[in-house]
Amino acid sequence: MRTTPTPEDLQRFLEIATEAALAGGAVLQRYWGNLSSIQEKGRSGDLVTEADRASEVAVLAVIKRHLPDHAILAEESGQLGHSDNPLLWAIDPLDGTTNYAHQYPLCAVSIGLLVAGKPMVGVVYNPILQDLYRAAKGLGATHNRQSIQVSKATQLSNSLLVTGFAYDRRETIDNNYAEFCHFTHLTQGVRRGGSASIDLAHVASGCLDGYWERGLSPWDLAAGVVLVEEAGGQVSAYNGDPFDIYSGRLVATNGALHQPIVHELSQVQPLPQFKPT
Ligand code: IPD
Ligand code: CA
Ligand code: CA
(Lines give C-alpha, C1' and ligand atoms only; values in the text may rest on other atoms or scores of the structure.)
(Ligands and ions follow the chains in the order given, each with its own letter.)
Protein backbone atom coordinates (compact mmCIF):
# COMPACT_ATOMS: atom_id res chain seq x y z
CA MET A 1 0.00 0.00 0.00
CA ARG A 2 1.26 3.52 -0.89
CA THR A 3 1.96 5.67 2.20
CA THR A 4 0.94 8.93 0.54
CA PRO A 5 -2.64 8.90 -0.75
CA THR A 6 -3.33 10.48 -4.15
CA PRO A 7 -6.05 13.17 -4.46
CA GLU A 8 -8.32 10.42 -5.85
CA ASP A 9 -7.65 8.28 -2.76
CA LEU A 10 -8.42 11.25 -0.51
CA GLN A 11 -11.67 11.98 -2.34
CA ARG A 12 -12.71 8.34 -1.92
CA PHE A 13 -11.78 8.34 1.77
CA LEU A 14 -13.77 11.58 2.20
CA GLU A 15 -16.87 9.95 0.72
CA ILE A 16 -16.45 6.90 2.97
CA ALA A 17 -16.00 9.13 6.03
CA THR A 18 -19.15 11.02 5.04
CA GLU A 19 -21.15 7.80 4.72
CA ALA A 20 -19.87 6.71 8.13
CA ALA A 21 -20.65 10.07 9.77
CA LEU A 22 -24.18 10.05 8.37
CA ALA A 23 -24.67 6.48 9.65
CA GLY A 24 -23.49 7.47 13.15
CA GLY A 25 -25.58 10.64 12.95
CA ALA A 26 -28.74 8.67 12.16
CA VAL A 27 -28.18 6.72 15.39
CA LEU A 28 -27.70 9.95 17.36
CA GLN A 29 -30.93 11.36 15.90
CA ARG A 30 -32.77 8.24 17.05
CA TYR A 31 -31.55 8.40 20.65
CA TRP A 32 -31.96 12.21 20.94
CA GLY A 33 -34.20 12.80 23.96
CA ASN A 34 -34.61 9.01 24.44
CA LEU A 35 -31.59 7.99 26.50
CA SER A 36 -32.14 5.29 29.07
CA SER A 37 -28.52 4.96 30.19
CA ILE A 38 -26.04 7.74 31.03
CA GLN A 39 -22.91 6.56 32.84
CA GLU A 40 -19.70 8.19 34.05
CA LYS A 41 -16.48 6.76 32.64
CA GLY A 42 -13.39 6.80 34.87
CA ARG A 43 -13.40 10.56 35.57
CA SER A 44 -16.02 12.77 37.11
CA GLY A 45 -18.14 14.40 34.39
CA ASP A 46 -16.87 12.13 31.57
CA LEU A 47 -20.15 10.63 30.36
CA VAL A 48 -20.94 7.77 28.02
CA THR A 49 -24.38 6.73 26.81
CA GLU A 50 -25.88 3.99 24.70
CA ALA A 51 -25.97 6.55 21.88
CA ASP A 52 -22.13 6.89 21.94
CA ARG A 53 -21.75 3.12 21.71
CA ALA A 54 -24.41 2.55 19.04
CA SER A 55 -23.11 5.42 16.91
CA GLU A 56 -19.62 3.93 17.08
CA VAL A 57 -20.90 0.52 15.93
CA ALA A 58 -22.57 2.18 12.93
CA VAL A 59 -19.47 4.23 12.02
CA LEU A 60 -17.10 1.27 12.36
CA ALA A 61 -19.31 -0.93 10.17
CA VAL A 62 -18.98 1.52 7.27
CA ILE A 63 -15.22 2.06 7.62
CA LYS A 64 -14.48 -1.66 8.00
CA ARG A 65 -16.71 -2.61 5.06
CA HIS A 66 -14.93 -0.23 2.65
CA LEU A 67 -11.42 -0.25 4.11
CA PRO A 68 -10.77 -3.52 5.94
CA ASP A 69 -6.97 -2.99 5.92
CA HIS A 70 -6.96 0.41 7.61
CA ALA A 71 -6.15 0.90 11.30
CA ILE A 72 -8.78 2.44 13.61
CA LEU A 73 -8.60 4.34 16.88
CA ALA A 74 -12.15 4.81 18.17
CA GLU A 75 -13.05 6.42 21.48
CA GLU A 76 -15.24 3.63 22.83
CA SER A 77 -13.43 0.62 21.26
CA GLY A 78 -9.79 1.74 21.36
CA GLN A 79 -7.23 0.59 18.79
CA LEU A 80 -8.55 -1.88 16.22
CA GLY A 81 -7.18 -3.66 13.20
CA HIS A 82 -3.86 -3.25 11.46
CA SER A 83 -1.75 -1.13 13.82
CA ASP A 84 1.22 -1.18 11.39
CA ASN A 85 -0.87 0.59 8.71
CA PRO A 86 0.12 4.31 8.48
CA LEU A 87 -3.52 5.08 7.60
CA LEU A 88 -5.37 5.41 10.90
CA TRP A 89 -8.97 6.50 11.37
CA ALA A 90 -9.53 8.53 14.55
CA ILE A 91 -13.23 8.30 15.41
CA ASP A 92 -15.36 10.06 17.99
CA PRO A 93 -18.88 8.65 17.62
CA LEU A 94 -20.35 11.43 19.76
CA ASP A 95 -18.24 14.50 20.46
CA GLY A 96 -20.14 16.54 23.01
CA THR A 97 -21.76 13.81 25.08
CA THR A 98 -22.56 16.15 27.96
CA ASN A 99 -24.37 18.52 25.58
CA TYR A 100 -26.18 15.58 23.98
CA ALA A 101 -27.31 14.16 27.33
CA HIS A 102 -28.83 17.57 28.18
CA GLN A 103 -30.29 18.02 24.67
CA TYR A 104 -28.06 21.05 24.10
CA PRO A 105 -27.66 20.69 20.35
CA LEU A 106 -23.88 21.13 19.92
CA CYS A 107 -22.61 17.63 19.28
CA ALA A 108 -21.13 15.72 16.36
CA VAL A 109 -19.80 12.57 14.87
CA SER A 110 -16.12 13.31 14.20
CA ILE A 111 -14.16 11.14 11.78
CA GLY A 112 -10.59 11.94 10.77
CA LEU A 113 -7.98 10.05 8.79
CA LEU A 114 -4.36 10.31 9.93
CA VAL A 115 -1.65 9.44 7.44
CA ALA A 116 1.60 8.77 9.31
CA GLY A 117 0.18 10.87 12.16
CA LYS A 118 -0.93 13.82 9.99
CA PRO A 119 -4.66 14.60 9.67
CA MET A 120 -5.61 14.44 5.97
CA VAL A 121 -9.36 13.79 5.79
CA GLY A 122 -12.02 15.10 8.15
CA VAL A 123 -15.78 14.93 8.49
CA VAL A 124 -17.67 16.55 11.38
CA TYR A 125 -21.43 16.02 11.32
CA ASN A 126 -23.92 17.55 13.72
CA PRO A 127 -27.02 15.40 13.15
CA ILE A 128 -29.26 17.56 15.34
CA LEU A 129 -28.67 20.83 13.48
CA GLN A 130 -27.84 18.91 10.27
CA ASP A 131 -24.51 20.61 9.75
CA LEU A 132 -22.06 18.60 7.65
CA TYR A 133 -18.45 19.81 7.53
CA ARG A 134 -15.99 18.05 5.21
CA ALA A 135 -12.38 18.55 4.17
CA ALA A 136 -9.44 16.69 2.69
CA LYS A 137 -5.83 17.77 2.21
CA GLY A 138 -5.59 19.86 -0.95
CA LEU A 139 -9.32 19.55 -1.72
CA GLY A 140 -10.69 22.44 0.38
CA ALA A 141 -13.30 22.57 3.14
CA THR A 142 -17.08 22.75 2.94
CA HIS A 143 -20.12 23.27 5.16
CA ASN A 144 -23.25 21.62 3.78
CA ARG A 145 -21.42 21.34 0.43
CA GLN A 146 -20.59 25.09 0.25
CA SER A 147 -16.94 26.14 0.35
CA ILE A 148 -15.84 27.73 3.65
CA GLN A 149 -13.00 30.02 4.71
CA VAL A 150 -11.68 31.18 8.06
CA SER A 151 -12.53 34.69 9.29
CA LYS A 152 -10.62 37.84 8.38
CA ALA A 153 -10.25 39.22 11.95
CA THR A 154 -6.81 40.71 12.57
CA GLN A 155 -7.18 42.15 16.09
CA LEU A 156 -7.70 40.15 19.26
CA SER A 157 -9.86 43.02 20.52
CA ASN A 158 -12.35 42.32 17.68
CA SER A 159 -12.26 38.55 17.94
CA LEU A 160 -14.54 35.83 19.31
CA LEU A 161 -12.69 32.75 20.58
CA VAL A 162 -13.67 29.35 21.91
CA THR A 163 -12.08 26.90 24.32
CA GLY A 164 -12.93 23.98 26.59
CA PHE A 165 -12.07 22.43 29.95
CA ALA A 166 -10.80 18.87 30.19
CA TYR A 167 -12.32 16.25 32.47
CA ASP A 168 -9.23 16.36 34.74
CA ARG A 169 -9.87 20.06 35.51
CA ARG A 170 -10.66 19.29 39.16
CA GLU A 171 -7.31 17.53 39.67
CA THR A 172 -4.82 19.84 37.95
CA ILE A 173 -3.75 23.44 38.15
CA ASP A 174 -3.30 23.23 34.36
CA ASN A 175 -7.09 23.55 34.09
CA ASN A 176 -7.34 26.42 31.54
CA TYR A 177 -9.13 28.75 33.98
CA ALA A 178 -6.37 31.40 33.89
CA GLU A 179 -6.23 31.28 30.09
CA PHE A 180 -10.00 31.65 29.91
CA CYS A 181 -9.92 34.79 32.10
CA HIS A 182 -6.93 36.20 30.19
CA PHE A 183 -8.59 35.94 26.76
CA THR A 184 -12.00 36.99 28.10
CA HIS A 185 -10.42 40.37 28.94
CA LEU A 186 -8.60 40.73 25.61
CA THR A 187 -11.39 39.79 23.18
CA GLN A 188 -15.09 40.31 22.51
CA GLY A 189 -15.69 36.98 24.22
CA VAL A 190 -14.67 33.39 24.76
CA ARG A 191 -17.24 30.64 24.21
CA ARG A 192 -17.21 27.12 25.69
CA GLY A 193 -18.95 25.04 23.05
CA GLY A 194 -18.59 21.58 24.62
CA SER A 195 -17.63 19.78 21.41
CA ALA A 196 -14.03 20.16 20.26
CA SER A 197 -14.76 19.05 16.71
CA ILE A 198 -17.54 21.63 16.36
CA ASP A 199 -15.30 24.31 17.90
CA LEU A 200 -12.78 23.57 15.13
CA ALA A 201 -15.50 23.49 12.47
CA HIS A 202 -16.64 26.93 13.64
CA VAL A 203 -13.11 28.31 13.30
CA ALA A 204 -12.99 26.80 9.80
CA SER A 205 -16.32 28.36 8.80
CA GLY A 206 -15.32 31.77 10.20
CA CYS A 207 -17.96 32.35 12.91
CA LEU A 208 -15.18 31.95 15.49
CA ASP A 209 -11.68 33.37 15.08
CA GLY A 210 -9.59 31.05 17.23
CA TYR A 211 -9.58 28.06 19.57
CA TRP A 212 -7.22 26.60 22.11
CA GLU A 213 -7.63 23.63 24.43
CA ARG A 214 -5.66 20.95 26.28
CA GLY A 215 -6.48 17.43 27.49
CA LEU A 216 -7.87 16.28 24.14
CA SER A 217 -7.56 12.99 22.27
CA PRO A 218 -6.76 12.29 18.60
CA TRP A 219 -10.44 11.49 17.91
CA ASP A 220 -11.46 14.97 19.16
CA LEU A 221 -9.02 16.71 16.82
CA ALA A 222 -8.21 14.74 13.67
CA ALA A 223 -11.19 15.82 11.57
CA GLY A 224 -11.39 19.42 12.78
CA VAL A 225 -7.71 20.11 12.15
CA VAL A 226 -8.15 19.26 8.45
CA LEU A 227 -11.19 21.57 8.31
CA VAL A 228 -9.25 24.52 9.76
CA GLU A 229 -6.18 24.01 7.58
CA GLU A 230 -8.19 23.53 4.39
CA ALA A 231 -10.29 26.63 5.18
CA GLY A 232 -7.05 28.68 5.24
CA GLY A 233 -6.40 28.63 8.98
CA GLN A 234 -3.42 27.60 11.07
CA VAL A 235 -2.90 24.92 13.71
CA SER A 236 0.05 24.54 16.12
CA ALA A 237 1.18 23.57 19.59
CA TYR A 238 0.59 26.19 22.33
CA ASN A 239 4.13 27.52 21.81
CA GLY A 240 3.79 27.74 18.02
CA ASP A 241 5.70 24.50 17.32
CA PRO A 242 4.22 22.07 14.79
CA PHE A 243 0.97 20.47 15.94
CA ASP A 244 1.28 16.95 17.35
CA ILE A 245 -2.06 15.11 17.45
CA TYR A 246 -0.90 12.95 20.36
CA SER A 247 0.01 15.95 22.57
CA GLY A 248 -3.67 16.61 23.36
CA ARG A 249 -3.33 20.38 23.06
CA LEU A 250 -3.48 22.86 20.23
CA VAL A 251 -4.10 26.38 19.02
CA ALA A 252 -6.24 26.68 15.87
CA THR A 253 -6.93 30.08 14.35
CA ASN A 254 -7.75 32.05 11.22
CA GLY A 255 -3.97 32.53 10.72
CA ALA A 256 -3.91 36.31 11.26
CA LEU A 257 -4.52 35.84 14.99
CA HIS A 258 -2.22 32.86 15.41
CA GLN A 259 0.90 34.62 16.66
CA PRO A 260 -1.05 36.98 18.97
CA ILE A 261 -2.82 34.01 20.59
CA VAL A 262 0.39 31.97 20.91
CA HIS A 263 2.07 35.03 22.46
CA GLU A 264 -0.76 35.63 24.94
CA LEU A 265 -0.81 31.94 25.96
CA SER A 266 2.88 32.26 26.87
CA GLN A 267 2.04 35.17 29.21
CA VAL A 268 -0.58 33.38 31.31
CA GLN A 269 0.24 32.43 34.89
CA PRO A 270 -1.84 29.62 36.45
CA LEU A 271 -4.44 30.65 39.01
CA PRO A 272 -4.29 29.06 42.47
CA GLN A 273 -6.18 25.75 42.56
CA PHE A 274 -9.92 26.50 42.62
CA LYS A 275 -11.83 24.57 45.28
CA PRO A 276 -15.52 25.42 45.70
CA THR A 277 -16.56 25.39 49.32
C1 IPD B 1 -15.28 16.34 24.86
C2 IPD B 1 -15.67 17.58 24.09
C3 IPD B 1 -15.38 18.83 24.90
C4 IPD B 1 -13.95 18.88 25.35
C5 IPD B 1 -13.58 17.61 26.09
C6 IPD B 1 -13.82 16.41 25.19
P7 IPD B 1 -16.65 14.05 24.51
O8 IPD B 1 -15.53 15.17 24.09
O9 IPD B 1 -14.99 17.65 22.85
O10 IPD B 1 -15.63 20.00 24.15
O11 IPD B 1 -13.78 20.01 26.18
O12 IPD B 1 -12.23 17.66 26.49
O13 IPD B 1 -13.41 15.22 25.83
O14 IPD B 1 -16.21 13.47 25.83
O15 IPD B 1 -17.96 14.73 24.58
O16 IPD B 1 -16.52 13.09 23.38
CA1 CA C 1 -14.74 14.02 22.18
CA1 CA D 1 -17.07 11.11 22.55
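Residues numbered from 1 in each chain as written. Chains lettered and ligands numbered in written order. Predicted model: local features only at pLDDT ≥ 70, side-chain atom pairs only at ≥ 80, totals over all residues. Heavy atoms only, no water.

Colleague: Residues and numbers for the packing of helix H4 (residues 177–186) against helix H7 (residues 258–267), please.
Modeller: Interaxial distance between H4 and H7 falls to 10 Å at its minimum, and their mutual angle equals 130°. In terms of axis orientation, H4 runs oblique to H7. Two packed elements cross with a definite hand, and for H4 against H7 that hand is right-handed. Residues Glu-179, His-182, Phe-183 and Leu-186 of H4 touch H7, and the partners they reach there are Ile-261, Glu-264, Leu-265 and Gln-267. (Axes fitted to C-alpha atoms, helices over the stretch in contact; angles between N-to-C directions. Helix = DSSP H or I, 4+ residues; strand = E, 2+ residues; numbered from the N terminus. Parallel < 35°, antiparallel > 145°, perpendicular 65-115°, else oblique. Left-handed = near helix turned anticlockwise from the far one by under 90°. Contact = heavy atoms within 4.5 Å.)

Colleague: Quick one: what's the story with the coordination of the calcium ion (ligand 3), residue by residue and with numbers?
Modeller: Within the first shell, the calcium ion (ligand 3) binds the protein through Glu-75 (OE), Asp-92 (OD), Asp-92 (OD) and Leu-94 (O), at distances of 2.2 to 3.1 Å. Each donor residue of the calcium ion (ligand 3) lies on one chain, and together they are spaced E-x16-D-x1-L. The metal-metal distance between the calcium ion (ligand 3) and the calcium ion (ligand 2) is 3.8 Å, with Asp-92 serving as a donor to both. With Glu-75 in the loop between strand S3 (71–74) and strand S4 (78–81) and Asp-92 in strand S5 (residues 87–95), this pair connects stretches of sequence that are 17 residues apart. (Donors = N, O, S within 2.8 Å, 3.2 Å for Na, K, Ca; no water.)

Colleague: Can you break down the packing of aromatic side chains residue by residue, with the values?
Modeller: Counted by the stated rule, this structure contains five aromatic pairs. Taking 4.6 Å as the distance between ring centres and 40° as the angle between the ring planes, the aromatic pair formed by Phe-183 and Trp-212 counts as tilted. With Phe-183 in helix H4 and Trp-212 in strand S13 (residues 210–213), the pair connects residues that are 29 residues apart, well separated along the chain. You'll find Phe-183 and Trp-212 in the same group, each marked buried. (Phe/Tyr/Trp six-rings, centres within 6.5 Å; stacked < 30°, edge-to-face > 60°. Buried < 20%, exposed > 50% of the residue type's maximum accessible area, 1.4 Å probe, protein only.)

Colleague: Tell me about the sheet that holds strand S6 (residues 108–115), residues and numbers included.
Modeller: Pairing is mixed across the open sheet formed by eight strands, whose spatial order is S4-S3-S5-S6-S7-S8-S9-S10. Of all strands in the sheet, those bounded by a partner on one side alone are S4 and strand S10 (146–147). Where strand S7 (residues 118–126) and strand S8 (residues 131–136) come together, six bridges link them in antiparallel fashion. When the sheet's bridge partners are listed, Gly-122 is paired in S8 with Ala-135. In the packing of helix H1 (residues 7–31) onto the sheet, the strands contacted are S5, S6, S7 and S8, and the crossing angle to S7 comes to about 30°. (Pairing = 2+ DSSP bridges.)

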